Amino acid sequence: QTDILEISGNESINDIFGIVENNIIDCASFISIEDHKAKLISEGIDDYFNKLESEPLEQKGISTGFPLYDKCIGGGLRPGSVDVIGSRVKVGKSTICINFALHIAKMNIPVLICDSEMSETDFYDKPTSCLSKIPLEEVSTGKYSKFNHLKNKVHKAKEEVKSLPIFRQAIGGESIENQIASIKRWIITEVGLTKEGRANQSVIIYDYLKLMTNDINRNVQEYQILGFLMTTLVNF
């Protein structure tokens, strides 16, 4: 209620929805946790190891499709974790994320790509190129259509893309609060919650961590703003 009273009238509808949604969802997730008191670390340890022994795992987390990377981050994408890939520009961060998404979605795990710069058609071209093994330049220009065998590969890949639970959320220029609100909305509408109020298994790919126009402030260093964004994602 306090947040609503501070609305000036210049906010977008998304901003206003975000104020309401974030508070309600945070409250719901808090009250769904049954026990906040301290407890012995050994509580439940027998059940844990009995389950491990009866149902051994190949690895702890969700595989990205890249075994070496999975090993480097502790056994795949772990529940509640945030794993970061850093590199120079234009060396393939978005492409490797697309490959992650395709591999994970084939296991019927919903994937949300929070995209800050790619166009909608990039999400037609890149996954289709990855699955068909046809170079991106040939897919994006339509050169593949000159040869029937390549055309068949593209059509087969396109149909596979259509069958996968991969979603895109454009976040370019949006505040981190609006971004988080959009992600929570996706979880509720597309992923769903367990009876305990936790999200079902899913993966969120954030591409990529950068300053938005409304983040720029002469009194704050770039690394401080990026640190704040990272902390917000980790807390989420």
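This text goes with the structure placed above it.
Residues numbered from 1 in each chain as written. Predicted model: local features only at pLDDT ≥ 70, side-chain atom pairs only at ≥ 80, totals over all residues. Heavy atoms only, no water.

Caption draft 1: Local environment of the environment of Ser202. By the element assignment, Ser202 lies in the loop between helix H9 (176–191) and strand S3 (203–207). Residues Ser202 and Asp83, 119 residues apart in the sequence, show an inter-C-alpha distance of 14 Å. With near-sequence residues (within four places) excluded, Ser202 lies in contact with Ile109, Pro110, Trp186 and Val191. (Helix = DSSP H or I, 4+ residues; strand = E, 2+ residues; numbered from the N terminus. Contact = heavy atoms within 4.5 Å.)

Caption draft 2: How the structure looks around the side chain of Asp125. When you line up the elements, Asp125 lands in helix H6 (residues 122–132). Of the side chains with opposite charge, Lys126 comes closest to the buried, unpaired Asp125, at an N-O distance of 9.0 Å. Not counting chain neighbours up to four residues away, the residues in contact with Asp125 comprise Leu136, Val139 and Ser140. (Buried < 20%, exposed > 50% of the residue type's maximum accessible area, 1.4 Å probe, protein only. Lys, Arg positive; Asp, Glu negative; His and termini not counted. Salt bridge = Lys/Arg side-chain N within 4 Å of Asp/Glu carboxyl O.)

Caption draft 3: Local environment of the pattern of salt bridges. The final tally for this structure, using the stated rule, is 4 salt bridges. Glu160 is the salt-bridge partner of Lys106, the closest N and O atoms lying 3.7 Å from each other. Here Lys106, found in the loop between helix H5 (93–105) and strand S1 (111–115), pairs with Glu160, found in helix H8 (residues 148–163); they are 54 residues apart in sequence, far enough to count as distant. Given a relative accessible area of 47%, Lys106 falls into the partly exposed group. Owing to a relative accessible area of 28%, Glu160 belongs among the partly exposed residues under this scheme. A salt bridge links Lys143 to Glu137; the nearest nitrogen and oxygen atoms lie 2.7 Å apart. With a relative accessible area of 39%, Lys143 lands in the partly exposed category.

Caption draft 4: Region of the structure containing the packing of aromatic side chains. Per the counting criterion, the structure on display carries 4 aromatic pairs. Ring geometry for Tyr69 against Phe100: centres 5.4 Å apart, planes inclined by 20°, an arrangement best described as stacked. Remark: Phe100 occurs in helix H5 and Tyr69 occurs in helix H4 (residues 67–72); sequence separation between them is 31 residues. An angle of 65° between the planes, with centres 5.8 Å apart, marks the rings of Phe167 and Trp186 as edge-to-face. Linking Phe167 in strand S2 (residues 166–170) with Trp186 in helix H9, this pair joins segments that are 19 residues apart in sequence. In textbook terms, an aromatic cluster arises when at least three aromatic residues are bridged by ring pairs, as seen for Phe66, Tyr69 and Phe100. (Phe/Tyr/Trp six-rings, centres within 6.5 Å; stacked < 30°, edge-to-face > 60°.)

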